[in-house]
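Single-letter residue listing:
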Amino acid sequence: MLKLYGYWRSSAAYRVRIALNLKGLAYQQVPVHLVKDGGQQHSIDYRALNPQGLLPLLVDAENGGVRIAQSLAIIEYLEEIFPLSALLPTDPAERAQVRALALHIACDVHPLNNLRVLQYLSGELGVSDEAKSAWYQHWVALGLAAVEEGLSAFDGRLSLGERPGYLEACVMPQLYNARRFNCDLTAYPRIVAMAARCEPLEAFQLAAPEVQADAL
Ligand SMILES: N[C@@H](CCC(=O)N[C@@H](CS)C(=O)NCC(=O)O)C(=O)O
């Protein structure tokens, strides 16, 4: 059994939920509340499982209870252990292109807007809510603009042709965050078109933050 420690609004956990659903894998979810009790990700119990103190975390009971942190490491693990319904293209150049866009979101954009960064801005640095929103929207805009440009290589197709995979599992949660923080999306028609194709799919619907059991 696969166990996913996550939080309904965690976009990194959202990526993994999409990947698990696209592969049709059964998994049990363990909610870790990112705000309650000062953030349960900081608890001794959770840190014993994941010393990084971040979500998500995957535990694979069928593989000696291995614990894997970092959403993209988890998705790559799933891809290797369960190769059916592949999430990455087979061509090495296409795989690299997909990874480059996904990594841009996961490594260059998301970390700047993560909860602990926003908390540090308002707490230790005393930044106003207005300035914090400007910070958020600035980094989202730069990131989405680069992804929008990168998507031109797909010529209106999804990353696996007619099927979504690794790339869409990263882009859709970032788009969710952008919408949540009222970022203007008019400059990203390819991303919005990608969303229109992914949103009706069951894998994405079942992964959506609002339908998770721990959603407020
Ligand atoms: N690079 C990590 C990012 C993990 C991450 O930042 N997770 C967020 C939720 S989306 C978190 O746990 N934040 C807790 C905090 O900031 O205290 C990944 O892809 O898994």
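Keep in mind that what you see is a predicted model, and the values were worked out from it rather than measured.

Novice: Whenever I open this one, helix 3 (residues 71–81) confuses me. Can you help?
Specialist: Given 3.6 residues per helical turn, the α-helix brings residues three or four places apart onto the same face. Buried residues dominate helix 3, accounting for eight of its 11 residues. Those residues of helix 3 not exposed but buried are Ser71, Leu72, Ile74, Ile75, Glu76, Tyr77, Leu78 and Glu79. Of the surrounding elements, those touching the buried residues of helix 3 are strand 1 (2–6), helix 1 (11–22), strand 3 (57–60), strand 4 (66–69), helix 4 (92–109) and helix 7 (166–180).

Novice: I would appreciate a short explanation of the environment of Val211 in the present structure.
Specialist: Here Val211 shows up in the segment after helix 9 (202–205). Considering only alpha carbons, one finds Val211 and Trp8, 203 residues apart in sequence, at a separation of 8.2 Å. If near-sequence neighbours (up to four positions away) are discounted, Val211 is found in contact with Gln205 and Leu206.

Novice: Hey, could you run me through the domain arrangement of the protein in this one?
Specialist: When the parts of a complex come together, some accessible area is lost, and that lost area is often taken as the interface size. Entries for the protein in the domain assignment read domain 1 (2–85) and domain 2 (92–203). Domain 1 puts 16 residues into the contact, and the matching count from domain 2 is 21 residues. In total, domain 1 and domain 2 occlude about 1,700 Å² of area from one another, counting both sides; carbon and sulfur atoms represent 62% of this. Area buried by domain 1 at its contact with domain 2 is led by Arg9, Arg15 and Leu72, which between them contribute 32% of it.

Novice: What's the story with the pattern of salt bridges in this structure? I'm lost.
Specialist: Pairing between side chains of opposite charge can happen when their charged atoms approach one another. A complete count under the given rule lists five salt bridges for this structure. Across the pair Lys23 and Glu79 runs a salt bridge whose closest N-O atoms are separated by 2.8 Å. Of this pair, Lys23 sits in the loop between helix 1 and strand 2 (27–31) while Glu79 is found in helix 3, placing the two residues 56 residues apart along the sequence. Note on Lys23: relative accessible area 10%, which makes it buried. Two residues, Glu199 and Arg179, come together in a salt bridge whose shortest N-O distance is 2.9 Å. Taken together, the residues span a long stretch of sequence, with Glu199 in the loop between helix 8 (189–198) and helix 9 and Arg179 in helix 7 at a distance of 20 residues.

Novice: Would you explain the sheet that holds strand 4 in this entry?
Specialist: Within a sheet, each strand pairs with its neighbour through backbone hydrogen bonds, oriented either parallel or antiparallel. Spatially, four strands are ordered 2-1-3-4 in an open sheet, and the strand pairing comes out mixed. Taken across any chain shown, the strands that pair with only one partner, and hence form the sheet edges, are strand 2 and strand 4. Neighbour-to-neighbour, the strand axes of this sheet turn through a mean angle of 20°, independent of strand direction. Across four bridges, strand 3 lies against strand 4 in antiparallel orientation. When the bridges of strand 4 are listed, Val59 appears paired with Arg67. Strands strand 1 and strand 2 of the sheet are contacted by helix 1, whose axis makes an angle of about 155° with strand 1. Across the sheet, helix 3 touches strand 1, strand 3 and strand 4, and the angle it forms with strand 4 is around 130°.

The rules behind these values
- Residues numbered from 1 in each chain as written.
- Predicted model: local features only at pLDDT ≥ 70, side-chain atom pairs only at ≥ 80, totals over all residues.
- Heavy atoms only, no water.
- Buried < 20%, exposed > 50% of the residue type's maximum accessible area, 1.4 Å probe, protein only.
- Helix = DSSP H or I, 4+ residues; strand = E, 2+ residues; numbered from the N terminus.
- Contact = heavy atoms within 4.5 Å.
- Domains from an automatic or database assignment.
- Buried area = accessible area lost by both parts, 1.4 Å probe.
- Salt bridge = Lys/Arg side-chain N within 4 Å of Asp/Glu carboxyl O.
- Pairing = 2+ DSSP bridges.
- Axes fitted to C-alpha atoms, helices over the stretch in contact; angles between N-to-C directions.

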